[in-house]
Amino acid sequence: MGSSIWFSQILCLSFILLQFRVQSSSPSQSSLDSLPHLCRPEERSALLDFKSTTNVVESCPCTPRPIIQTWNESKDCCLWDGITCDKSKGHVIGLDLSSNRLKANLTTNSSLFRLEKLQSLNLFDNSLHYPNVSFGFDHWKSLTYLNLSESGYMDGSLLFDEISLPPKLVSLDLSHNGLFLDNIKFQMLVHNLTELRFLILDSVNMSLVVSSSLLNLTSSLEHLSLRSCNLQGNFPSQVFQLTKLVSLDLSDNDDLLLDNIKFQILVHNLTELRFLILDSVNMSLVMASSLLNLASSLEHLSLSSCNLQGNFPSQVFQLPSLQLLDLSYNYYLRGNLPQSNWSSPLKYLYLEETSFLGELPNSIGNLKLLEELNLDSCQFHGLIPKSLANLTKITYLDFDSNLLQGQIPDVFGKMQKLTHLSLFNNSFDGEIPTSIFNLANVTYLRLSSNKLRGPLPRNISGLSFLPEFQMDNNFITGHVPSWLFSLPSLSHLDLRNNRLTGPIDHVEMPNLILQEIYLSNNEISGSIPSSFFHLVNLTTVDLSSNNLGGTITANMLSKLVNLRSLDLSNNSLLSLSNNGIAINYSFSNLQTLKFSSCNIHK
């Protein structure tokens, strides 16, 4: 779910720290301002030449101006945005042009290669093209940090056997550039990179790289990411020799197989691991009990969609450093949450689409750092513990499609960061706690398909950012309150298949973005208020199978010019009339119109 994003953010932070070390010899802005011009003329010329041969991809006016457009010859280039200089001799040692919408060809005669003292280059997120020619990387003898991720398109046949990468490279990121590496090219790519600590090749096609080629990776490697690289066959045991690895991501290599013996060797040798990401790697032969041997230093464990089976050891939930655990979409993986003494720094827990079962323990309230909890489509039963109220940092809470029951406890009062709450398809009964309706930041709320009873509150103070109100298929009673039609962000209202009664309240402040209303199969009576037809952007209205009465006139309906579907059927007391007045109106979008069992007359 959010595991890969969170891991990418952590890895990005590591890169930033690395760049900071690379550039730590550069002067501060204040010290540069007090010094004479440091910029070396030949390097300023190289930068200006690059600027003159580089275009900028147009974007919306709200996008910040690319820093390359701020470079001005009248100003010391060491003071330009994106430039870091050596404080003693004025050489450009750092160039950060990430996310600048640059469009250019980077060839061997690019002026950038005249920056011979460059130590750090970041071209992430641009639109550059790297033609099928040998590069001038050998000009950068001091380069330690190179990030070309998402920077453009590298020809699939790029000849890495013609490239000599700088031997001092500490970090290399070539991900998401359409690059293809066969066995020979991969060996040439990493050849002589003995100081490499970060290697990121996500989405590089490595389907022809044999696992033995990973032997060429330096033992100094700390971060290895080969996500979505089309790796195939048996899990590369050569990785186990990289004992300094802190993070390993081999996820989304669907044809990669990891058996039980190799997994045990992995966790035995890689004792420094903090991040282990193996989503979609075939682990069907790995015994769940082998997870007991995971390093206590582990902070991030993501094993989503790995075909894991058997009983998951609950001790893993209590690893002392674990902040993220993702076991989602392992359909036959069983287990229970720790029933007592559960205390850990967990922030993200994803168990959706597994066979976890049992009751939700009171000790879940001890996870006070928890931000996201997804138990969708498991087999949990019993009550929601009141200790859930302790999760004040929670933003995402999903208990869909379980066997939970009883009254929903009033535990949401302090969950003011909550944006996603879904309790769909359980057996909850009783009244809905008022605190749910006062959630200030919720953008997703679904309580459908339960046995909830009682009326909706007369007034609420939250739900201002809610686009969809979904409480269909319950036993909710009482009238339809007017605030439902006034929520400022609501576009979809669904209360069908309940036991609502009484008239629909007068709509005092019509929401002009509301598009869909489903109130069918209730016991709503009385006339539809004329203010209901001030919801002028409605596209779908279903009020069928109620006890509505009164008269709907043609001029009321004529206001709903965007209407595509209108169902008023099975309201035997409801009349439709044009009052004998000829009105010219057109429903150009109308596709469905149902008035069966209504009283229609001129």
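Residues numbered from 1 in each chain as written. Predicted model: local features only at pLDDT ≥ 70, side-chain atom pairs only at ≥ 80, totals over all residues. Heavy atoms only, no water.

A. Seen up close, the overall build of the protein chain. When its secondary structure is counted, the protein chain shows 7 helices and 43 strands. Within the protein chain, the proportion of its 602 residues that are buried is 53%. Carbon and sulfur atoms make up 48% of the accessible area of the protein chain, which totals about 25300 Å². (Helix = DSSP H or I, 4+ residues; strand = E, 2+ residues; numbered from the N terminus. Buried < 20%, exposed > 50% of the residue type's maximum accessible area, 1.4 Å probe, protein only. Areas by Shrake-Rupley, 256 points an atom, 1.4 Å probe, with all protein chains shown as cover.)

B. Just the sheet that holds strand S27 (residues 403–407), in detail. Here we have 8 strands laid out as an open sheet, ordered S19-S21-S23-S25-S27-S29-S31-S33, and parallel in their pairing. The open sheet is flanked by strand S19 (310–311) and strand S33 (475–477), the only strands paired with a single partner. Alignment of strand S21 (residues 333–335) against strand S23 (residues 355–359), held across 2 bridges, turns out to be parallel. Looking across to S23, one finds that Gly 335 is bridged to Phe 356. (Pairing = 2+ DSSP bridges.)

C. How the structure looks around helix H4 (residues 183–190). For H4, the complete set of buried residues consists of Asn 183, Lys 185, Phe 186, Leu 189 and Val 190. All buried residues of H4 project into a common sector of 165° when viewed along the axis, lining one side. Taken together, the buried residues of H4 touch strand S9 (171–173), strand S10 (180–182), strand S11 (198–200) and strand S12 (205–208). Sitting at the amino-terminal end of H4 is Asp 182, which places a side-chain oxygen 3.2 Å from the backbone nitrogen of Ile 184. The positive-phi residue at the C-terminal boundary of H4 is Asn 192, with phi of around 70°. (Arc of directions from axis to C-beta. Contact = heavy atoms within 4.5 Å. Polar contact = N/O pair within 3.5 Å; in protein donor to acceptor, adjacent residues only side chain to side chain.)

D. Representation of the confidence of the model for the protein chain. Averaged over every residue, the pLDDT of the protein chain is 89; residues scoring 70 or more account for 89%. Here residues 22–34 is a poorly scored stretch, pLDDT under 50, and it has 23 contacts once near neighbours within four places are set aside; other chains count. (pLDDT = per-residue confidence, 0-100.)

E. Focus on a nonpolar patch on the surface. Where nonpolar side chains cluster on the molecular surface, the patch consists of Tyr 329, Tyr 331 and Tyr 332 and spans about 370 Å² of accessible area. On the basis of relative accessibility, which here comes to 59%, the residue Tyr 332 falls in the exposed class. (Patch = residues over 30% accessible without salt bridge, like charges linked within 9 Å, V, L, I, M, F, W, Y side chains within 5 Å. Salt bridge = Lys/Arg side-chain N within 4 Å of Asp/Glu carboxyl O.)

F. Structural detail: the packing of aromatic side chains. This model, assessed by the stated rule, comprises 12 aromatic pairs. Centre to centre, the rings of Trp 71 and Trp 80 are 5.2 Å apart; their planes meet at 15°, and the pair counts as stacked. Residue Trp 71 shares its accessibility class with Trp 80, and that shared class is buried. Judged by centre distance (6.0 Å) and plane angle (80°), the ring pair of Phe 317 and Phe 356 falls under edge-to-face. Of this pair, Phe 317 sits in the loop between S19 and strand S20 (324–326) while Phe 356 sits in strand S23, and the two are 39 residues apart along the sequence. When its relative accessible area of 0% is taken as the criterion, Phe 317 is described as buried. With relative accessibility at 0%, the residue Phe 356 sits in the buried group. (Phe/Tyr/Trp six-rings, centres within 6.5 Å; stacked < 30°, edge-to-face > 60°.)

G. Up close: the pattern of salt bridges. Scanning the entire structure with this criterion turns up 7 salt bridges. For Arg 40, the salt bridge goes to Glu 42, with nearest N and O atoms at 3.2 Å. Note on Arg 40: relative accessible area 28%, which makes it partly exposed. The salt bridge involving Arg 114 is made with Asp 49; its shortest N-O contact spans 3.0 Å. Pair noted here: Arg 114 is in the loop between strand S4 (102–105) and strand S5 (120–122) and Asp 49 is in helix H3 (residues 41–52), with a separation of 65 residues, a long-range link.

H. Quick look at the state of the cysteines. Taken as a whole, this structure holds 2 disulfides when the rule is applied. Across the disulfide, Cys 78 is cross-linked to Cys 85 (sulfur-sulfur distance 2.1 Å). As the torsion about the S-S bond is roughly -95°, the Cys 78-Cys 85 disulfide counts as left-handed. Cys 85 gets classed as buried once you look at its relative accessible area, which sits at 2%. (Disulfide = S-S within 2.5 Å.)

I. Main features of the pairing of strand S31 (residues 451–455). The sheet contact formed by strand S29 (residues 427–431) and S31 spans 3 bridges and is parallel. Counted as the bridge partner of Glu 431 is Arg 453 from S31. Sheet analysis places S31 next to S33, joined by 3 bridges and oriented parallel. Looking across to S33, one finds that Pro 455 is bridged to Thr 477.

J. Summary view of unusual backbone geometry. The phi torsion at Asn 425 lies on the positive side, around 60°, for a residue other than glycine. With respect to the helices and strands, the residue Asn 425 is situated in the loop between strand S28 (420–422) and S29. Residue class for Asn 425 comes out partly exposed when judged on its relative accessible area of 35%. In this structure, Asn 473 is a non-glycine residue whose phi angle is positive, near 60°. Position of Asn 473 among the secondary structure elements: in the loop between strand S32 (468–470) and S33. Residue Asn 473 is classed as partly exposed on the basis of its relative accessible area of 30%.

K. A look at the pairing of strand S3 (residues 92–96). Among the 5 residues of S3, 4 are classified as buried, and the element is accordingly described as predominantly covered. Here strand S2 (residues 83–85) pairs with S3 via 3 bridges, running antiparallel. Looking at S3, one finds that Cys 85 is bridged to Val 92. Connecting S2 to the antiparallel partner S3 that follows it, the hairpin turn spans 6 residues, and Gly 90 within it adopts a positive phi of roughly 80°. Relative to S5, S3 runs parallel, the two sharing 3 bridges. Looking across to S5, one finds that Leu 95 is bridged to Leu 121.

L. Fine view of the environment of His 191. Note that His 191 resides in the loop between H4 and S11. Classification of His 191 as partly exposed rests on a relative accessible area of 46%. Placed 25 residues apart in sequence, His 191 and Asn 216 show a C-alpha to C-alpha distance of 6.9 Å.

M. The side chain of Ser 220, seen in detail. For Ser 220, the position within the fold is in the loop between S12 and strand S13 (223–225). Overall, the relative accessible area of 17% leaves Ser 220 in the buried class. At a separation of 2.8 Å, a polar atom in the side chain of Ser 220 contacts the main-chain carbonyl oxygen of Leu 196. A polar contact of 3.0 Å, which involves the side chain of Ser 220, links it to the side chain of Thr 218. Filtering out sequence-adjacent residues up to four positions away, Ser 220 remains in contact with Thr 194, Glu 195, Leu 196, Arg 197 and Lys 244.

N. Structural context of the environment of Leu 421. Looking at the secondary structure, you find Leu 421 in strand S28. In this structure, the C-alpha to C-alpha distance between Leu 421 and Val 442, residues 21 residues apart in sequence, is 7.4 Å. Setting aside residues no more than four positions away along its own chain, Leu 421 makes contact with Leu 397, Phe 412, Ile 436, Leu 439, Val 442, Tyr 444, Leu 445 and Arg 446.

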